[in-house]
Amino acid sequence: MNYRQARWADDGRLEPLVFELSKAKRTGYTLPPKVPSEVNIPNKLIRTELELPELSEPEVVRHYTRLSQMNYGIDSGFYPLGSCTMKYNPKICEDLAALETASCIHPYQDEDTVQGALELMYKLEQHLTEIAGVARVCLHPSAGAHGEFLGMLLTRAYHKSRGKEHNEVIVPDSAHGTNFASAAMAGFNVVVVPSNSRGRVDLEALRKAVSKRTAALMLTNPNTLGLFEDEILKIAEAVHKVGGLLYYDGANLNGILGKTRPGDMGFDIVHFNLHKTFSTPHGGGGPGAGPIGVTRKLEKFLPVPTVEYDRKRRRYYLDYRRPQSVGKIKSFYGNFGVLVKAYAYILLMGESGLQEVTEAAVLNSNYIMRKLQDVDGFEIKFDTSGPCKHEVVFSAEPLKRGAGVTAKDVAKRLLDYGIHAPTYYFPPIVPEALMIEPTETETKEELDRFIAAMKEIADEAKSHPEKLLSAPTATAIGRLDEAKASREPILSWKMYRKLAK
Amino acid sequence: MKKLGLIVNPIAGMGGRVGLKGTNGTDVVARALELGAKPVSPARAVKALRVLKKSGAKFELITYPAEMGESEATEVGFKARVIGDITPKRTTADDTKRAAKEMLELGVDLILVAGGDGTICDLIEVIGARVPVLGIPAGVKMHSAVFANAPKATGEVVARFLSEGLPLREAEVMDIDEEAYRQNRLSAKLKGFVKVPYEPTMVQATKEGSTGYELADQKAIARWVFELMEKGRTYILGPGTTTRAVAEELGVYDSTLLGVDIIRDYKMIAKDVGEEQILRAIEGKPATIIVSPIGGQGFVLGRGNQQISPKVVEKVGKENILVIATPQKLSSTPTLKVDTGDAKLDELFRGYIKVITGYRQSRMVKIV
Amino acid sequence: MGHPYIPNTREIREQMLAEIGVASIDDLFSDIPEKIRLKKKLKLPAQMSELEVKQDVQKMLARNKPFTQMLSFLGGGLWPHHIPAHVRSLVQRSEFLTSYTPYQAETSQGMLQALFEYQSMICELTGMDVSNASMYDWATAIGEAALMCARVTRRKKILVPELMSPERFSVLQNYALGPNLEVVKLGYDWASGQLDLSQLRAKLGQDVACVYIENPSYLGFLETRVEEMAAAAHKAGAIFVVGVNPISLGLLKAPGDYGADIVVGEGQPLGNPVSFGGPTLGIFACRDDTKLIRQIPGRLVGATTTLDEKTRGFTMVLQTREQHIRRERATSNICSNEALCAVAAAIYLASLGPRGLRELAETCAANANYAMKKLDAIDGLEAPIFASPHFNEFTLRCTQPKLAIKKFNAKLLKQDIQGGRPIKDEFPEFGETALLYTTELHRREDIDRLADAAAEAVGARK
């Protein structure tokens, strides 16, 4: 397959900036006539200038259409970004979230006028508690990291309520960067534990790391190497023994749906990434949703309001009377538009479908693991004795030693095949890491095509390494000077006008 | 365009193959040659240079004549600017020192040196920490933290340093006590510090609290240690730049870099002390030892801070030892060692310990 | 039959297993300890077809009454506006919708440029020089601003107005927990509601990291002495942070013009639906000061060129600030943000242009003014309760004895009118008061209808 991304370009730039297309007095907007009333605001508070672009509607549409053509989504092609679970986003979910009855309701409306929304949230919470094996779910957090932060706040509240001074959070060295940051943001001291030669948390190190100061251990399972932490019960025991809590980073839930549950593993707090496992679209970075699940003992600390059901009066309501709640971590109740999509997804898959999701995802990943191992230039650093889960981490170190090209060069060359690069240089414990997560929505043919492309690239690295070093060439633009961009930041049209030549 | 200084110590490493420990002193060199020793470091230098040539990095190469760099550079196909004067086949430590001085004066951005601990020590006598250094491992004694794992890796780091730039970390320069070594006794001394370029992707740093700049990370560690300190407690500070950062955070600006200092209540009590003084200072008082891993092998106790003897450790108590290390340091020594001289005591330390790596950040590191 | 979203059928999966020498799918889960393997099925609904899901969810949501089907004056942090149809069709383009964070700049110029345009337009609106590519919402943006100010100034006190939104205050307190910051409330002038400047001056000391105000405020009034606040804050070495509804900036002076260092706010009204409280769009912008820029949370998109310097392109910059714990101060943990909502905001602003936004803001303010006049004229009602200029939100108090605001609202609801948000629980000192808003969605006759229903509810003569 040949690939070429659309490219709109002229005179040293791609599509012009919307400011560069602006022409005075054009407009893409109309208003109905005003009410007969003045604006009763003193002049000194009124602005005299506002520089926004002026375009007609067709120009706006064409401009952003062209920009979208110079972008790449799951709908465009294979997107094996490790730990991101780039699976197909069902379009019916989009339609449902856009319904007037979903998008045109205000959170402060009388509860009787939003029973449908409350019911959806309540039922979603129930499905998520079942999937995770926890007691209660809170849908407030807007993203995984936001959920982590809430998890850390709950941890703080829990220990404080027991009069204990637990101020350390343990994080494995393979963890996602947000884990460290969330713990620190909540005021905890962070203790990093290394991974062992099998790529799992080093139990010996963990046992030495726990103490009466341990507030929690944050763990992803399967971990970021795509490996299941098979010693999880011993890990849980070590942490619980000192009174600490176990926190589950749900980024990799796609690898275990229907096979096991974090709650059963001993986790006290679980976060979900609805924009990963539950297929709400990533939107170029967001919006997402990162609900939190907790065991019974932490329920009283959850943010307000919670969604409750009054059995007698047969109605849903918002409960603000929770004296031990940590308060709020976001205005209102969560990213409802995203929750609708996740809820619909769970119904579309059903119990059997979710299990099939994990089976197909894990099979796809193991298929790649097996086949890519046969390609000269890539190797697995850690345990290859057992299966991986829904993602696999390869090292391009052999290719680097032999041909001097890096994981980044391989990733950039893949873009020329119309395949989005996998995550590279993460986790940092693997040199020249390439983290590949195919997901269950990819065909076998696409996986074979990916393996073939990797083989071609590995061969090319030896014979024509410059092809990798100069890649990509089939995308709208070639490699950018990222160092310069950070050294001399130009972050707005205002700055651009001043600084750029 | 960046300037790279190249110094090859042609006699470094010659002793090893014929069973000698080090080549300091011309009589040892003569002995080695008698035993049929052949130069080792030129070939190592060539290996590193080949990788550098292949990288296509653009720079000006400045080196010394003949076997001190010119021949190696020519063999690989570099056009080097040759400076200085030597007597070929009779090079000494003085030549190394002169080369370093002249390169410093020419404003080189990095000195790439093929040699061992001894060669590095000679270098820093002249240039101190004023020019970054990177060592191609070629000597027998390589306890300094200045050496990459292998000649090829050295070449790669230099290539990146010259083309994209790399951050610098502090590295300890060690030298073994020659006499003791030849009598099979291990005794190392910390001679000083140089700055060494390193590859950030190999540093766990960026995830766990590093700013990417070692100095800032040291300050972060110091800030936390400061918060943990108690009044009335005696603190024994081991050598190193990280412990010095701790002293500075307390307002003590005259701590010794290479020696052990004693601080209490934010005041310097005694500088550059030996075992006796330490024992007197902590008699009957609560104390904490703060140490940083030393050398290319990361000795937490033993090499480089022998003043903190087994007696001292026993008096203070193992639980009162704070180990501090920047992520950059740990990336070059992912496991640590102890060698107090007391095997039983060393055994107590084996296993995982908590090392402070940043502000409110620590990492479990194994002492092997 | 297979599932439409799982293309590898059972047969193909068998083939794949054979190809990689694995006997059965269960072997791929052998690494899960027996003890924690699920022995029974999860208690979840059975798989449903797309048609069934559509009907099911539609039916559930039909139990909601959209504000578009009644007359609503319910503001308080999210505001319905008309979203031009093309905004939605553009953000629904799958290359935007189904893409990830644009780490691979070469293949993601579309998203990167759109976000750069968003950042730029926010800067123009707020009078700032740098904006990030979104935060979760206004409340978390305030939290992040407080953390940033504490990092930059190395101080620990945050001064806020007593009348700031209580929900946002709660979020701020949670963000302040980690670094142990102290959030102190400043009193207000009883008549105008505005920040009490003497209290501000009294509390400003060498320990204050920032002063935060909301303008327009949560209760709708405008702060008229903002230049004095900025000057006082700066004199004490504190950072001045202003929270806004960006629509108001179509008409009102940009905070950058009256001394703000950081501007935060809620971007939802810019092209995004209300959607029961989310997704929302946190605005975060600051002045071009190196001390601030290096500490700004969230993603930043910058302009650059290709390596051969021939073509302009966009890329994420200053990534060492992100998710990394910097020095001894924690920076933001934000990873996923609200990028698509930011793109919608950019498209919306590009379509309105300066005149469209000005006209829109004037309409909102004029409508509010008209509503306040009509309601205030009714015996038993007072609108607004503060002697200050207002933008598009205002307070309405029931002065009728024995008529609680909740009862008043219930009477309005009987006439299919959603009244304002009662603020009695949040601010009991203001009595039976509600917070109302108006936008371009309200026509003259709608406001007249509100006035009539209100008059009836209080039993006043018209």
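No experiment lies behind these values; they were computed from the predicted model shown.

Novice: Even after reading the chapter, I still don't get the interface of chain C and chain A, so can you show me in this structure?
Specialist: The interface of chain C with chain A comprises 175 residues on the first partner and 176 residues on the second. Its residues assigned to classes, the side of chain C that touches chain A comprises 83 nonpolar, 57 polar and 35 charged.

Novice: Looking at this structure, I do not really get the domain arrangement of chain C. What am I missing?
Specialist: Interface size is commonly expressed as the accessible surface area that is lost when the partners come together. Residues and elements named next belong to chain C. With domains assigned, chain C is organised as domain 1 (68-79 + 354-458) and domain 2 (85-348). The centre of domain 1, based on its C-alpha atoms, is set 28 Å off from the matching centre of domain 2. Counting residues per element, the ones that place at least two in the side of domain 1 that touches domain 2 are helix 11 (339-376) and strand 14 (393-398). By residue number, the principal contributor to the side of domain 1 that touches domain 2 is helix 11, which donates 7 residues. Residue composition of the side of domain 1 that touches domain 2, grouped by class: 14 nonpolar, 4 polar and 4 charged.

Novice: Quick question: what am I supposed to make of the sheet that holds strand 7 (residues 262-266) of chain C here?
Specialist: All names here are of chain C. Within the open sheet, the 7 strands sit side by side as 2-8-7-6-5-3-4. Their pairing is mixed. Of all strands in the sheet, those with a lone pairing partner are strand 2 (130-131) and strand 4 (182-186), marking the two edges. Relative to strand 7, strand 6 (residues 239-244) is paired through 4 bridges, and the arrangement is parallel. Counterpart to Val244 in the pairing with strand 7 is Gly265. Running at roughly 145 degrees to strand 6, helix 9 (residues 226-235) makes contact with strand 5 (208-214) and strand 6 of the sheet.

Novice: Which parts of the structure should I look at to understand the domain arrangement of chain B?
Specialist: Residue and element names in this part refer to chain B. Once the domains are mapped, chain B shows domain 1 (2-198) and domain 2 (206-367). Facing the 16 residues of domain 1 at the interface are 18 residues of domain 2. Contributions of two or more residues to the side of domain 1 that touches domain 2 are made by strand 6 (168-176) and strand 7 (188-197). For the side of domain 1 that touches domain 2, a count of residues per class yields 10 nonpolar, 3 polar and 3 charged.

Novice: I tried to follow the environment of B:Pro334 on my own but got confused; where do I start?
Specialist: Among the structural elements, B:Pro334 can be located in the loop between helix 14 (327-332) and strand 14 (337-338). Sequence spacing of B:Pro334 and B:Ile367 is 33 residues, and the spatial spacing of their C-alpha atoms is 9.4 Å.

Calculation rules
Residues numbered from 1 in each chain as written. Chains lettered and ligands numbered in written order. Predicted model: local features only at pLDDT ≥ 70, side-chain atom pairs only at ≥ 80, totals over all residues. Contact = placed C-beta atoms within 7 Å. Nonpolar A, V, L, I, M, F, W, Y, C, P; charged D, E, K, R; others polar. Domains from an automatic or database assignment. Helix = DSSP H or I, 4+ residues; strand = E, 2+ residues; numbered from the N terminus. Pairing = 2+ DSSP bridges. Axes fitted to C-alpha atoms, helices over the stretch in contact; angles between N-to-C directions.

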